[in-house]
4 protein chains.
Amino acid sequence: MSGNTFGKLFTVTTFGESHGIAIGGVVDGCPPGLLLNEDDLQHDLDRRKPGTSRYTTARREEDEVKILSGIFEGKTTGTSIGLLINNTDQRSQDYSKIKESFRPGHADYTYQQKYGFRDYRGGGRSSARETAVRVAAGGIAKKFLKQIYGIEIRGYLSQLGPVAIDKVDHDVTNTNPFFCPDDTKLEALDAYMRDLKKEGNSIGAKISVSATNMPVGLGEPVFDRLDADIAHAMMGINAVKGVEIGDGFDVVNQKGTDHRDEISPEGFHSNHAGGVLGGISTGQELLVHMALKPTSSISISGESVDIHGKSTDIITKGRHDPCVGIRAVPIAEAMLALVLMDHVLRHNAQNKDVNSITPVIPASRP
Amino acid sequence: MSGNTFGKLFTVTTFGESHGIAIGGVVDGCPPGLLLNEDDLQHDLDRRKPGTSRYTTARREEDEVKILSGIFEGKTTGTSIGLLINNTDQRSQDYSKIKESFRPGHADYTYQQKYGFRDYRGGGRSSARETAVRVAAGGIAKKFLKQIYGIEIRGYLSQLGPVAIDKVDHDVTNTNPFFCPDDTKLEALDAYMRDLKKEGNSIGAKISVSATNMPVGLGEPVFDRLDADIAHAMMGINAVKGVEIGDGFDVVNQKGTDHRDEISPEGFHSNHAGGVLGGISTGQELLVHMALKPTSSISISGESVDIHGKSTDIITKGRHDPCVGIRAVPIAEAMLALVLMDHVLRHNAQNKDVNSITPVIPASRP
Amino acid sequence: MSGNTFGKLFTVTTFGESHGIAIGGVVDGCPPGLLLNEDDLQHDLDRRKPGTSRYTTARREEDEVKILSGIFEGKTTGTSIGLLINNTDQRSQDYSKIKESFRPGHADYTYQQKYGFRDYRGGGRSSARETAVRVAAGGIAKKFLKQIYGIEIRGYLSQLGPVAIDKVDHDVTNTNPFFCPDDTKLEALDAYMRDLKKEGNSIGAKISVSATNMPVGLGEPVFDRLDADIAHAMMGINAVKGVEIGDGFDVVNQKGTDHRDEISPEGFHSNHAGGVLGGISTGQELLVHMALKPTSSISISGESVDIHGKSTDIITKGRHDPCVGIRAVPIAEAMLALVLMDHVLRHNAQNKDVNSITPVIPASRP
Amino acid sequence: MSGNTFGKLFTVTTFGESHGIAIGGVVDGCPPGLLLNEDDLQHDLDRRKPGTSRYTTARREEDEVKILSGIFEGKTTGTSIGLLINNTDQRSQDYSKIKESFRPGHADYTYQQKYGFRDYRGGGRSSARETAVRVAAGGIAKKFLKQIYGIEIRGYLSQLGPVAIDKVDHDVTNTNPFFCPDDTKLEALDAYMRDLKKEGNSIGAKISVSATNMPVGLGEPVFDRLDADIAHAMMGINAVKGVEIGDGFDVVNQKGTDHRDEISPEGFHSNHAGGVLGGISTGQELLVHMALKPTSSISISGESVDIHGKSTDIITKGRHDPCVGIRAVPIAEAMLALVLMDHVLRHNAQNKDVNSITPVIPASRP
């Protein structure tokens, strides 16, 4: 059923296959009066775009987004916003050999079984190509959240294979092709990726996304808690296998005295919760981590079957990222923006504007 | 906005506060003709019930569920099913002292800020008491899934503080108050909990839930992927801070050759994916893990503020589980059942009955 | 699919059969801070209640509503509100003879075919008994709309069989059992109903519902226009076969110069539109009419078939209203309140509070 | 809130303004395997297209629909379908004079008030231009319903001003520019429209839409009854002010013995209900009527105010239909197709395929 719409009040409905004519979508529920043009969205699309470094796929798509409606005299009108990105680089021939067999670790098998047949060109709908529309739509949310609420959303790489990031300097993140916020790790990343590429293999990654200057009060218990909706958004990004809020899996071995964020008139002492209590934002930094699997599109042969169930071997040629986690950073930012935007509207529908809540305490101690 | 409904086709809408008159809900979308009575639901309610061991809260609620509608001559009619559980043990006096201050790590602060005031009796709506309704509703889904599709849903404890579980024997799980599937760890758990109780502290846990005999084909990309909806469901359980599908965060340091589950005519060689590819079930075991934080309801004093922002100290007295993760096992099972039920209906709406798909390969090698 | 929830932001989910244990529902999305108790809802339930006049069914149900949650210290908390009405008068024996055959004009045939079997006791879920919950839920909306926006919702009988109402005096409506707003027609109605009862027949009716002191701006084009959502709500009331906004079917023979409501600085000259333009409220009186069919539950024998398709005759004995349209007046009011409440929240989510819009012109000329 | 999506399982989300770059939308939930191409949709778009007769607006838009995704090898894939129609005829200058004032009877006033400003070019989003996307999306539903269920959807003009249609011959409908199914009335319509055009005025109309070869069982009580969802769809068409199912407002003066459709083993004796009982289809012809107001875009001056509330006069020049009801016939067909498609999927989700229900009796007597 209609699984291509995200959100309840601020909705994004997407369409498009990797190697079809175009991808695009409709953003509905954007308040009127927001100054908006294509440049606002293009920046993040360019960050996500393949071919920007030697470690991401060499596919050159322009990813140029067109806004088809919903803007008048430079401002959103409150009506639905049509987004279109033409597919300019559709080398279907690269993929024709996978028509009859299932790439291990890909959606080939499940799509074929679910729908009876599949658009095998470049993964069709299951390709991450589709996430470009999410990034464009997220750009609208990002701008609104920043402008009206001052909310700042920033993603970064936290770990790539064995290379863990130790410090987070948001100024560093966009200066390198890894979205790495720690400049002491750039060399190690570069070396690791060089070896990996030589090997023809791929690697997993952990990425993080943070929202600062958060209002207190976002989240709709008991099912549409803010953390639950974030988990839905993030686990819905291609290749994500795990999602954490705040301390995440570290809580398993924490005691109550370790974890509870004590409070003083000057603010919370700590932020183990990651900015959410009872499914509602505390006003502290919202901190989300996720794990992305290594892509199965590698040039090392693997065992599989064809669509008739017969044994076969698969090597995925073509242009693929050895670490798909890297490019997921702007996607994760976009998805967080979509969730927060939806929750701002949901909150405001039933309560006074979340902007007008006066927090009892500051979010954090100075 | 109306965050108290879960699901799209098989929906559960809940109401009720910890210390109100009753909790309950409406299950909508259940197909007609399913044999169903209260006993089908009571079993899991009893598993979730507080007071069943010396390590869970001593609160004695009967948690007796009444089915008010939707059943006729012993079978579901296809109309909505009303569920009611009376609150029999409402010792409001235990909680009256927290009326004016915020327990650290609890939803007190966020509810007060979001709504302007809060039902402070026992946590009100933010109490895990509400999950009893989820368990009852999940029982309907569980029975349907088992009867029509043969799907078996089983949860268990995977880790409690430092005590990790090494083997999973589903026959062991329900023989002990920890839902521990590894009988070699029962003694260690018992010892750990005894010490913890003495200390007046609490501990986090990791729990897992598995679905076997899964059909291939469940999940609605690109946003309502099966894994995304599971993440939403699990992160929406009180105290959950992290969710993993399959290898979860271990994928961060896996290579493509490690992770991709190769395929042979006899089935998949492995199940790193945890039973989901491209957001659609593969037919393999569906495997979900989650991390639950230690409860902040402990008898060790903590620093906080009152509703006016003034400094205060909090000790949570009363009857509380030192490890809330344990009792979450039947809740996680219920939530997985609700997700799968919803997805079975969503799949069937657009495609032929998922039961009628003939898998190209067996789910796993013998 | 889950057709038992009404609304998107202010939702009502109902359950219960005519002769089951209880009927009830969950209201979700009510803003916090509204003073509310059971008396606020009971008034309209009593207006809808059968047995209040000699022309409505003699069934005596107390229709006493209990609020199970969502209220604390006399005010709504922003959490979901559980509603329960016990069925106290379940004389199942009256209906046992219709178990095996289909009453013409009733839902017996369609329920049996759709679901494979049906709760035949008193119409089960298809009975208008279920609308009591709508009336209770609508009472919450009514109170909110009145208190926060000053919106006044009033229904009345417009025509009963051949007896058309000529003037609308809202002060008269609730002084008589017909909800007739025209005191010059009371005698004619009384005479007509007496004859009808003697005849053992039933009659159709036209009823109307009005909302005054409306804000301008409610409605979400292009699909969830205010008029469209009202049509959905009204056509969903049992026995309704037609819905009109403003001039309704009279527009078929109107010219543009007749219909367009011209505007002057002092307000609109007329209200042919019934208070909606382009799917959005104008601030004028919102005026809705609907046609209700004569009930098929009459004591004059009719031809039908049994569940095996064999010919049979049906006489509906028992306690039935000769004009179901009359009792639909409070139901229509409740449904309009639910639609308006939902649209107030939907508007406020995306725009500034509808209360803060300054109309360019007054709604109507003095 | 996001009012631009129609449907729950088979959804259509639209975007686009009258004089923007393009209009379009996303159809989600279409089952895989349906043969589909642009020609399937173009036929109805051409029927709706302005400029096809001298009585509809002379605007010449090509209305050529492009399918951007969701089709592979000529068949639907089960993924979302992107639709795009470029606006080729955007003479913005025609409308610039209405920038500062409100046309009476139009959405100008309500859009300006709701959103704070509006796209005044050709009505922006409130223009019927947007319905072209509904017609394209409805074409997909129509094809599916016809091919899989044999359902035939046909609309026609029932009355135009004083000219009532007496007989319905579906073979006649598409032979004339009025969609009039009665060839004895063509001359009267032609004469009436000629006079009307000379007068510079406009006229209302009644149109009808029928679905034959209906399955029994469609509809999801209690709120998403088939008739309720049809009313929502039809009242959401621009200019519609009333909707009837079956006998509609005639029921007001019918008795139970007149209205109830008695049943015999050979089928129903009559169809006063219009094919719906208890909100569920009976298998009989589904019959829906609606009233469309005369457009306010006429060349006879009318009184109004400007956006500052000052008095002004308005003459709507430009190319406008003197009877917008005529062109609404294919729109109404499309909307009925969308509703039925949605309900087929909703039914099938919870029950066995509606195609597999064996009706106890034939729909109608021979």
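Remember, predicted model here, so these are calculated numbers, not experimental data.

Caption draft 1: Representation of the overall build of chain A in the model. Looking only at helices and strands, chain A features eight helices and 18 strands. The C-alpha atoms of chain A give 21 Å as radius of gyration, which agrees with the globular expectation for 366 residues (21 Å, within 12%). Taking the principal axes of the C-alpha coordinates as reference, chain A spans close to 65 × 50 × 35 Å. Here chain A holds 366 residues, and 66% of them are scored as buried. When contacts within chain A are restricted to residue pairs at least 6 apart in sequence, long-range pairs at least 24 apart make up 72% of them.

Caption draft 2: Structural view of the interface of chain A and chain B. With 96 residues of chain A at the contact, the number on the chain B side is 97 residues. As judged from the three bridges shared by strand S11 (residues 240–245) of chain A and strand S11 (residues 240–245) of chain B, these two strands associate in the antiparallel manner. Across the sheet, Gly 242 of chain A pairs through a bridge with Glu 244 of chain B, a residue of S11 of chain B.

Caption draft 3: Just the relation of the copies chain A and chain D, in detail. Structural alignment of chain A on chain D gives an RMSD of 0.0 Å, achieved by rotating through 180° and translating 0.0 Å along the axis. Those values place the two copies in the arrangement expected of a two-fold rotation axis. The fraction of interface residues of chain A whose copies in chain D are also interface residues reaches 100%, indicating that both copies meet through the same surface.

Caption draft 4: Expanded view of the interface of chain A and chain D. Taken together, the contacts link 36 residues of chain A with 36 residues of chain D. Listing elements by their share of the side of chain A that touches chain D, those giving two or more residues are strand S2 (11–15), strand S3 (22–28) and strand S7 (81–86) of chain A. Considering each element in turn, the side of chain A that touches chain D owes the most residues, five residues, to S3 of chain A. Of the residues in the side of chain A that touches chain D, the class split is 11 nonpolar, 20 polar and five charged.

Caption draft 5: Spotlight on the relation of the copies chain A and chain B. Superposition record for chain A on chain B: RMSD 0.0 Å, screw rotation 180°, translation along axis 0.0 Å. When the interface residues of chain A are mapped onto chain B, 100% of them again fall at the interface, so both copies present the same face.

Caption draft 6: A look at the sheet that holds strand S10 (residues 205–212) of chain A. The strand order S9(A)-S8(A)-S10(A)-S16(A)-S11(A)-S11(B)-S16(B)-S10(B)-S8(B)-S9(B) describes an open sheet built from 10 strands, whose pairing is antiparallel. Where the open sheet ends on each side, the last strands, each with one partner, are strand S9 (163–164) of chain A together with strand S9 (163–164) of chain B. Sheet analysis places S10 of chain A next to strand S16 (residues 286–292) of chain A, joined by seven bridges and oriented antiparallel. Looking across to S16 of chain A, one finds that Ala 205 of chain A is bridged to Leu 292 of chain A. Against the sheet, helix H6 (residues 226–235) of chain A engages S11 and S16 of chain A together with S11 of chain B, with an angle of about 155° to S11 of chain A.

Caption draft 7: Molecular detail of the UniProt feature "binding site: FMN" (unreviewed entry) in chain A. Listed under "binding site: FMN" (unreviewed entry) in the UniProt record, and renumbered for this structure, are Arg 125, Ser 126, Ser 127, Asn 238, Ala 239, Gly 278, Lys 293, Pro 294, Thr 295, Ser 296, Ser 297 and Arg 319 of chain A. Structurally, the position occupied by Gly 278 of chain A is in the loop between strand S14 (276–277) and strand S15 (280–281). The contact partners of Gly 278 of chain A, leaving out residues within four places of it in the chain, are Pro 221 of chain A together with His 106, Ala 107, Thr 110, Tyr 111 and Ser 126 of chain B. Mapped onto the elements of the fold, Lys 293 of chain A is located in the loop between S16 and strand S17 (302–305).

Caption draft 8: Focus on unusual backbone geometry. A cis amide bond, omega 5°, links Pro 221 of chain C with the succeeding residue Val 222 of chain C. The residue Val 222 of chain C is located in the loop between strand S10 (205–212) and helix H6 (226–235) in this model. Even without glycine at this site, Asn 213 of chain B takes up a positive phi of about 60°. Looking at the element boundaries, Asn 213 of chain B is found in the loop between strand S10 (205–212) and helix H6 (226–235). Judged by C-beta crowding, with 14 C-beta atoms within 10 Å, Asn 213 of chain B ranks as partly exposed. One non-glycine residue, Phe 179 of chain C, lies in positive phi territory at about 50°. Tracing the chain through its elements places Phe 179 of chain C in the loop between helix H4 (170–173) and helix H5 (186–199).

Caption draft 9: Geometry of the pairing of strand S18 (residues 311–314) of chain D. Residue and element names in this part refer to chain D. Sheet topology places strand S17 (residues 302–305) next to S18; four bridges connect them, and they run antiparallel. Bridge pairing in S18 links Gly 302 to Ile 314. Linking S17 back to S18 in an antiparallel pair, the connection comprises five residues, with Gly 309 at a positive phi of about 90°.

Caption draft 10: The pairing of S11 of chain B, seen in detail. All names here are of chain B. For S11, the buried fraction is high: six of the six residues fall into the buried class. In this sheet, strand S16 (residues 286–292) lies alongside S11 in antiparallel orientation, the contact comprising five bridges. Paired with Val 240 across the bridge in S16 is Leu 292.

Caption draft 11: The arrangement of the confidence of the model for chain A in detail. Confidence along chain A averages 93 in pLDDT terms, with 93% of residues attaining 70 or more. In the predicted complex, the global pTM is 0.97; the interface-specific ipTM is 0.96.

Caption draft 12: Molecular detail of helix H5 (residues 186–199) of chain A. Residue and element names in this part refer to chain A. The terminal C-alpha atoms of H5, which comprises 14 residues, lie 20 Å apart, in line with the 20 Å expected from a rise of 1.5 Å per residue. Buried within H5 are the following residues: Leu 189, Tyr 192, Met 193 and Leu 196. Angular distribution of buried residues about the axis of H5 spans 95°; they occupy a single face of the element. What points out from H5, more than 90 degrees from its buried face, is the exposed set Glu 187, Ala 191, Asp 195 and Lys 198. For H5, the secondary structure elements touched by its buried residues are strand S8 (152–160) and S9.

Caption draft 13: Here's a closer look at the sheet that holds strand S1 (residues 5–6) of chain B. Ordered by their spatial adjacency, five strands build an open sheet running S1-S2-S3-S7-S4 (chain B), and the pairing between neighbours is antiparallel. Two strands bound the open sheet, and with one partner strand each, they are S1 and strand S4 (65–67) of chain B.

Caption draft 14: Highlighting the UniProt feature "binding site: NADP(+)" (unreviewed entry) in chain A. Residues and elements named next belong to chain A. Taken from the UniProt record, the annotation "binding site: NADP(+)" (unreviewed entry) applies to Arg 48 and Arg 54. Structurally, Arg 48 is set in helix H1 (residues 38–48). A tally of 23 C-beta atoms within 10 Å means that Arg 48 is categorised as buried. With residues near it in sequence (within four places) discarded, Arg 48 still touches Ala 132, Val 135, Arg 327, Pro 330 and Ile 331.

Caption draft 15: The arrangement of the packing of helix H1 (residues 38–48) of chain B against helix H3 (residues 131–149) of chain B in detail. Residue and element names in this part refer to chain B. At a minimum axis distance of 8 Å, the contact between H1 and H3 shows a crossing angle of 135°. Between H1 and H3, the angle falls in the class oblique. The element H1 and its partner H3 pack so that their crossing is right-handed. Residue-level contacts link Asp 40, Leu 41, Asp 44, Leu 45 and Arg 48 of H1 to Ala 132, Val 135, Ala 136, Gly 138, Gly 139, Ile 140 and Lys 143 of H3. Across the contact of H1 with H3, the residue classes tally to six nonpolar, two polar and four charged.

Caption draft 16: Quick look at the packing of helix H3 (residues 131–149) of chain C against helix H8 (residues 324–350) of chain C. Residue and element names in this part refer to chain C. Relative to each other, H3 and H8 sit at 55°, their axes nearing to 7 Å. Taken together, H3 and H8 sit at an angle that is classed as oblique. The two elements H3 and H8 meet at a crossing, and its hand is left-handed. Here H3 contributes Thr 131, Arg 134, Val 135, Ala 137, Gly 138, Gly 139, Ala 141, Lys 142, Phe 144, Leu 145 and Tyr 149 to the contact with H8, which in turn contributes Pro 330, Ile 331, Glu 333, Ala 334, Met 335, Ala 337, Leu 338, Leu 340, Met 341 and Val 344. Residues of the contact of H3 with H8, tallied by class, amount to 15 nonpolar, three polar and three charged.

Caption draft 17: Local environment of the environment of Glu 199 of chain A. Residues and elements named next belong to chain A. One can find Glu 199 in helix H5. On the neighbour-count criterion, Glu 199 (16 C-beta atoms within 10 Å) is partly exposed. Sequence spacing of Glu 199 and Lys 352 is 153 residues, and the spatial spacing of their C-alpha atoms is 57 Å.

Caption draft 18: Spatial organisation of H8 of chain C. Residue and element names in this part refer to chain C. Taking 1.5 Å as the rise per residue, H8 with 27 residues should run 39 Å; its terminal C-alpha atoms sit 39 Å apart, in good agreement. Of all the bends in H8, the greatest measures close to 35° and is centred on Pro 330. Burial analysis of H8 places 27 of its 27 residues in the buried class, which makes it a mostly covered element.

Calculation criteria
Residues numbered from 1 in each chain as written. Chains lettered and ligands numbered in written order. Predicted model: local features only at pLDDT ≥ 70, side-chain atom pairs only at ≥ 80, totals over all residues. Helix = DSSP H or I, 4+ residues; strand = E, 2+ residues; numbered from the N terminus. Rg over C-alpha atoms; globule rule 2.2 N^0.38 Å. Buried ≥ 20, exposed ≤ 12 C-beta atoms within 10 Å, placed from the backbone. Contact = placed C-beta atoms within 7 Å. Pairing = 2+ DSSP bridges. Least-squares fit on C-alpha atoms with pLDDT ≥ 70 in both. Nonpolar A, V, L, I, M, F, W, Y, C, P; charged D, E, K, R; others polar. Axes fitted to C-alpha atoms, helices over the stretch in contact; angles between N-to-C directions. UniProt positions renumbered as here; feature names shortened; annotations may be inferred. pLDDT = per-residue confidence, 0-100. Expected span 1.5 Å × (residues − 1). Arc of directions from axis to C-beta. Parallel < 35°, antiparallel > 145°, perpendicular 65-115°, else oblique. Left-handed = near helix turned anticlockwise from the far one by under 90°. Bend = angle between axes of the 7 residues up to and from the residue.

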